[in-house]
Amino acid sequence: IDLETGAFVGQFMLILRSVEHRGGALGYVLHPEQQGRGLATEGARAMLKVGFELLSLHRIVAGLDARNVGSAAVLSKLGMRREAHFVRNELVDGVWTDEMLYALLADEWASMPSSSDISWKTTAPASSSSSTGVNPPA
């Protein structure tokens, strides 16, 4: 939620993929009216911060439709590297599309000067806030 306007920005998520390998997956969807304001980068950076600094993950990946050049630019801006290009890997609206996979390691995140620079212009809706603690994977 945009704190200044109260407008819905989008959804950002971090999925724990493997406790043993300390792996996570980053995902996000932005409302079309909110695109182009840097909010995808800000939200995704916040998810990376949670994954690496709070949950002590080793590796976080993000997959996207290869036609989504804007999202590819966001992931590159965050320092994630393109690791794979899967040809006609997903069926989207009846069309086989290519998928790209980006990844970042914890030590790469730690070496980035902007890894902890989050401005928090947005917040989660009050109804989804929780005071239940988050414990890092064992």
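It should be noted that the structure appears before, not after, this text.
Read on for a plain summary of the structure. Bear in mind the structure is a predicted one, so any value in this text is a computation, not a measurement.

1. Quick look at the nonpolar core
Soluble globular proteins tend to bury their nonpolar side chains together.
Right, so step 1: Formed by 25 residues in total, the largest nonpolar core has its most connected members in Leu26, Leu48, Leu75 and Met80.
Right, so step 2: When residues of this core are traced back to their parent elements, those giving at least two are strand S2 (23-30), helix H1 (39-54), strand S3 (59-65), helix H2 (69-77) and strand S5 (95-105).
Right, so step 3: Among the elements that take part in this core, H1 stands out by supplying six residues, more than any other.

2. Digging into the pattern of salt bridges
Right, so step 1: Summed over all chains, the structure comprises six salt bridges.
Right, so step 2: Among the ionic pairs, Asp2 bridges to Arg37, the shortest N-O distance being 2.7 Å. Taken together, the residues Asp2 in the segment before strand S1 (10-18) and Arg37 in the loop between S2 and H1 connect sequence positions 35 residues apart.
Right, so step 3: Note that Glu83 and Arg81 form a salt bridge whose closest N and O atoms lie 3.2 Å from each other.
Right, so step 4: Look at Glu83 and you get partly exposed, because its relative accessible area is 36%.
Right, so step 5: Here the salt bridges share partners, and the residues they tie into one network are Arg59, Arg81, Glu83 and Glu108.

3. Quick notes on the sheet that holds S2
Right, so step 1: Taken in spatial order, the five strands of this open sheet run S1-S2-S3-S5-S4, and their pairing is mixed. Of all strands in the sheet, those bounded by a partner on one side alone are S1 and strand S4 (81-92). Here the strands of the sheet are splayed against their neighbours by 25° on average, with no regard to which way each runs.
Right, so step 2: Where H1 meets the sheet, its contacts fall on S1, S2, S3 and S5, and the angle it forms with S1 comes to roughly 30°.

4. So, the pairing of S1
Right, so step 1: Bridge analysis of S1 against S2 gives eight bridges, and the strand direction is antiparallel. Note that in S2 the partner of Leu16 across the bridge is Gly24.
Right, so step 2: Connecting S1 to the next strand, S2, in antiparallel fashion are four residues, including Arg22 with a positive phi near 50°.

5. Some points on the pairing of S3
Right, so step 1: Most of S3 is tucked away: five of the seven residues are buried.
Right, so step 2: Two strands pair when backbone bridges link them, and S2 and S3 are joined in this way by three bridges, in the parallel orientation. The residue of S3 that forms the bridge with Ala25 is Val61.
Right, so step 3: In this fold, the crossover linking S2 to S3 by way of H1 has right-handed handedness.
Right, so step 4: Relative to S5, S3 is paired through seven bridges, and the arrangement is antiparallel. Across the sheet, Val61 pairs through a bridge with Ala103, a residue of S5.

Conventions adopted
Residues numbered from 1 in each chain as written. Predicted model: local features only at pLDDT ≥ 70, side-chain atom pairs only at ≥ 80, totals over all residues. Heavy atoms only, no water. Core = buried A, V, L, I, M, F, W, Y, C linked by side-chain atoms within 4.5 Å. Buried < 20%, exposed > 50% of the residue type's maximum accessible area, 1.4 Å probe, protein only. Helix = DSSP H or I, 4+ residues; strand = E, 2+ residues; numbered from the N terminus. Salt bridge = Lys/Arg side-chain N within 4 Å of Asp/Glu carboxyl O. Pairing = 2+ DSSP bridges. Axes fitted to C-alpha atoms, helices over the stretch in contact; angles between N-to-C directions. Contact = heavy atoms within 4.5 Å. Right-handed = clockwise from strand over helix to strand, strands pointing away.

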